[in-house]
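Residue-level structure breakdown
In case you want the letters, here they are:
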Amino acid sequence: MDKLTLDTAEKVIAGAEKEAENIGVSMVITVVDDGGNLIAKHRMDDAWIASIAISEDKAWTSVALKMPTSNLAEATVPNSELYGLNTTNNGRIVVFGGGIPLQQDGKVVGAVGVSGSAVPDDVQVAKAGVQTFEEIIG
């Protein structure tokens, strides 16, 4: 796969949504390509409106920095090396979990971003999306 397709993004979202349903939380799930451009976004019934933008920004952050957003949590607290990072890029960088890159052959080809619950739930659902992606690419 050279580029992440809509078909693949929809399958990633379906895998993540299944996990969200399993834990009983309505979420917004977003998939972006390697340039951080939106491919697909899905808002489950009754998911928080604020999560629409947050999920996309989590996915964008993961692509922009080529890492899970959870990796930024400790480094961005006051008096830490990257404190204030979330104020860069027009405030688009998210410094808590729920965004995870999608990688193929060691290269970031996109990302999934999830928002709608406590951070551990967001991470769990995003990981389910990544697992679905990994099953697709084999």
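Here we come to the nonpolar core. Of all hydrophobic cores here, the largest spans 21 residues; its most connected members are Met-27, Val-31, Leu-102, Val-112 and Val-114. Elements represented by at least two residues in this core include exactly α1 (6-23), β1 (28-33), β3 (99-104), β4 (107-115) and α3 (119-137). For this core, the element with the highest residue contribution is α1, accounting for five residues. Other than its neighbours up to four places away in sequence, Val-112 contacts Val-12, Ile-29, Thr-30, Val-31, Ala-59, Gly-98, Gly-99, Ile-100, Leu-102, Ala-126 and Val-130.

Next up on the list: the pairing of β4. In terms of residue burial, β4 counts as a mostly covered element, since eight of its nine residues are buried. Alignment of β1 against β4, held across six bridges, turns out to be antiparallel. Across the sheet, Val-31 pairs through a bridge with Val-112, a residue of β4. Pairing analysis gives six bridges linking β3 to β4, with the strands arranged antiparallel. Bridging across to β4, Leu-102 finds its partner in Gly-110. Taking the residues that link successive antiparallel strands as the turn, the β3-β4 hairpin has two residues, and the phi of Asp-105 there is positive, at about 55 degrees.

Turning our attention to the pattern of salt bridges. When the charged atoms of two side chains with opposite charge come close together, those side chains can pair. Inspection of every chain in the model, using the stated rule, returns six salt bridges. One salt bridge in this structure joins Lys-3 and Asp-34, with 3.4 Å as the shortest N-O distance. You can see Lys-3 sitting in the segment before α1 and its partner Asp-34 sitting in the loop between β1 and β2 (38-43), a full 31 residues away along the chain. Put simply, Lys-11 and Asp-7 hold a salt bridge, and the shortest N to O gap is 3.1 Å. In this pair, Lys-11 and Asp-7 both sit in helix α1, four residues apart, roughly one turn of the helix.

So, how was this worked out
Residues numbered from 1 in each chain as written. Predicted model: local features only at pLDDT ≥ 70, side-chain atom pairs only at ≥ 80, totals over all residues. Heavy atoms only, no water. Core = buried A, V, L, I, M, F, W, Y, C linked by side-chain atoms within 4.5 Å. Buried < 20%, exposed > 50% of the residue type's maximum accessible area, 1.4 Å probe, protein only. Helix = DSSP H or I, 4+ residues; strand = E, 2+ residues; numbered from the N terminus. Contact = heavy atoms within 4.5 Å. Pairing = 2+ DSSP bridges. Salt bridge = Lys/Arg side-chain N within 4 Å of Asp/Glu carboxyl O.

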